[in-house]
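# Structural features, examined
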Amino acid sequence: MKFYRTLSLASIALLFACSSNEQKETSINKEEKEEMKIELQDPHSYSKPNDAAVTHLSWDAEVDFENKIIKATATYTVENKNNAKEIILDTKNLNILAIMTNESEAEEKISLDKADPILGSALHIPINENTKTVSIKYETSEGAAALQFLDPAQTAGKKHPFLFTQSQAILARTWIPIQDSPGIRFTYDATVKVPKGMLALMSAENPTEMSEDGVYTFKMDQAVPSYLMALSVGNIEYRSLGPETGVYAEPELIEAAAYEFADMQNMVDTAEALYGPYRWGIYDVIVLPPSFPFGGMENPRLTFATPTIIAGDRSLTALIAHELAHSWSGNLVTNVNWEDIWLNEGFTVYFENRIMEEIFGADFANMLAILSYQDLQDEVKDLTENGRAADTRLKVDLEGRDPDEGLTAVPYDKGFYLLKLIEQTVGRESWDAFLKNYFNTYAFQVMNTDYFVNYLNTELLDQNPEWKAAIRLEEWVHQEGIPDNIPVPTSTKFEEVDTQLGNWKEGTASSELNTEGWSTPQWLYFIRSFPDELSQEQMSSLDETFGFTTSGNREIQSAWFEKVLPNNYAKADAQAETFLTVVGRRKFLVPIYKAILASDAGKERAMEIYKKARPNYHSVSTGTLDNLLGYEG
Ligand code: BES
Ligand code: ZN
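Residues numbered from 1 in each chain as written. Chains lettered and ligands numbered in written order. Predicted model: local features only at pLDDT ≥ 70, side-chain atom pairs only at ≥ 80, totals over all residues. Heavy atoms only, no water.

### Describing the pairing of strand β5 (residues 86-91)
- Here β5 lies mainly inside the structure; 5 of its 6 residues are buried.
- Sheet analysis places β5 next to strand β9 (residues 121-126), joined by 6 bridges and oriented antiparallel. When the bridges of β9 are listed, Thr91 appears paired with Ser121. (Buried < 20%, exposed > 50% of the residue type's maximum accessible area, 1.4 Å probe, protein only. Helix = DSSP H or I, 4+ residues; strand = E, 2+ residues; numbered from the N terminus. Pairing = 2+ DSSP bridges.)

Structure follows, in structure tokens:
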């Protein structure tokens, strides 16, 4: 699909001038800027928004826990831009029951294309210049990829079922027929009926209490792309954390969640001080059951989060900073398609790191940055060895591929380091002014790599040829691997760990090491630095001293499993198995299964656990693991 949206850089200056008075120094000389266009092109959507686009969705739905489906009628306000004869929506595995246009049955030929295994089917609905609304009555199918219906046993309370959605990247089309492309925004309202005694929440204005009849209404007046559509239903409670912040969780978890996220309001205030107002009103987080396949998902007004960040000591809340940061990078300024995902994720990791620095200090932020560098090195090595060196470029080619394949550490960590390099080259003050301006200027709009590069050059880097020479932007964006000007920080906190590691390698017993006051990143760095080959004695004594196998910190526990399972450390087997059957977060599952595969018990043991655990996993995780383990149903 192709669509040109004209963004004039001149209008930016205007907007900018109105919106703030602190940022005058970068204002733009209108005449000098040529107009650039962002092509709304998306290899993962059939829709043609240049012809006809959805501007508002009215969603009337009932969640049927018995059959594990959603029954709904979606009514779209349609803008016919180009005398179009049809509007095209993306669908995947939906049962379309009836279609109306302007409130009467559509008789003309509606057609559902043959399904593509990745993209699903284009739904063509005839429209004309008088068509104002289109309605579709439909049901989701069992096993819809975005949805995870949980049995009571999979929840903390064990009494009520639970449902959550995960729409990013292209799964919204499995629960709503929609123009499923990040470049297309619409407002929405919804009425959702759920069984009595359950609370429903969306990426919208949300209730904080259960209704008596199980009916909830929602309103989202700010236009959002389809990948930010979200729904969660369960026995859920709310707790306020500050004037604009709160947390939702099952009652069994709400106390722990409120304790863990005590810094949330501070994070919002800090983020606003850095890059301008939080534009979504409320910022809440819902802690989901442990099968949630991601760490977090930045659904507007309501981040969805894994319970694995509840460590009891507030040490894993960088994830909240990350999802919050998406309220600017991603939810305001949105990658035009999934080939540009570094514009969402790389900017967000950078912003996250800045929030962490403000609140927990530069030492802490530097440690996170170094761990991120290690992740990047590992990923680049892995991709390169597996014939995927092309995926180590910031802008990737996903034509004909599942966008999930682009979801590597590269957009996150290479993206982060490019922005850090720019910051260090031009100086923080100019860089922050630039970024604030960027978020303001392109709020509620799309961005692509070429446009960003041009904007960065004209607004900032053209001022100084030395900056350009130092950064080597083209190499960072379009070439493979890690450029050698990557600004990896040093950390005295990690040097402390290095000292102890050195002692340990020279024979100091684990119990004699000085680890007093170590923070979670230090522990992770410590564990990651162990040699690949460990003896049973070494593993046992480390474990006896530090209790890694039974750590309540899922990051520490999984880093440990990654090291010891390939070394056949049987004392961790039971805990690793429990971990894999309870937790569904893909980022943990993949390395732990790989570690088991590398042990003597190998494939058989991995498959044995997988068969038991698989029913607990979301499709996002099984999609990856079926491949990794060669599972064939
Ligand atoms: N938006 C992502 C999750 C995502 C990306 C889902 C692409 C589907 C497709 C979210 O913000 C994210 O990055 N989550 C990370 C958090 C981490 C980097 C702090 C995760 O889930 O681990
Ligand atoms: Zn993210």
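### Digging into the environment of Ser226
- Here Ser226 shows up in the loop between β15 (215-225) and β16 (231-234).
- Of the residues examined, Ser226 reaches a relative accessible area of 1% and is grouped as buried.
- Residues Ser226 and Ile422 lie 196 residues apart in sequence; the distance between their C-alpha atoms is 32 Å.
- Not counting chain neighbours up to four residues away, the residues in contact with Ser226 comprise Ser167, Ala172, Ile178, Gln179, Asp180, Ser181, Ile184 and Phe186. (Contact = heavy atoms within 4.5 Å.)

### Some thoughts on the coordination of the zinc ion (ligand 2)
- Protein coordination at the zinc ion (ligand 2) comes from His322 (NE2), His326 (NE2) and Glu345 (OE), with a distance range of 1.9 to 2.1 Å.
- For the zinc ion (ligand 2), the single-chain donor residues occur in sequence as H-x3-H-x18-E. Placement of the pair is His322 in helix α4 (residues 318-325) and Glu345 in helix α5 (residues 342-360), with a sequence separation of 23 residues.
- When its relative accessible area of 8% is taken as the criterion, His322 is described as buried. (Donors = N, O, S within 2.8 Å, 3.2 Å for Na, K, Ca; no water.)

### Observations concerning the site of ligand 1
- Around ligand 1 lies a shell of 16 residues, among which Gln168, Gly295, Glu298, Glu323 and Tyr412 are the nearest.
- One nitrogen or oxygen atom from the main chain of Gly296 is found 3.3 Å from a nitrogen atom belonging to ligand 1.
- Take Glu345: an N or O atom from its side chain is 3.0 Å from a nitrogen atom of ligand 1.
- When ligand 1 is considered free in solution it has 520 Å² of accessible area, and contact with the protein chains removes 89% of it.
- Element by element, the count of residues in the shell around ligand 1 is highest for α4, at 3 residues.
- Among the residues making up the shell around ligand 1, the classes are represented as 6 nonpolar, 6 polar and 4 charged. (Near = heavy atom within 4 Å. Polar contact = N/O pair within 3.5 Å; in protein donor to acceptor, adjacent residues only side chain to side chain. Areas by Shrake-Rupley, 256 points an atom, 1.4 Å probe, with all protein chains shown as cover. Nonpolar A, V, L, I, M, F, W, Y, C, P; charged D, E, K, R; others polar.)

### Considering the sheet that holds strand β12 (residues 162-165)
- With antiparallel pairing, 4 strands are arranged side by side in an open sheet as β11-β12-β16-β14. Edge positions in the open sheet fall to β11 (147-150) and β14 (199-202), since each of these has one partner strand only. The mean angle between the axes of side-by-side strands here comes to 10 degrees, regardless of whether they run parallel or antiparallel. (Axes fitted to C-alpha atoms, helices over the stretch in contact; angles between N-to-C directions.)

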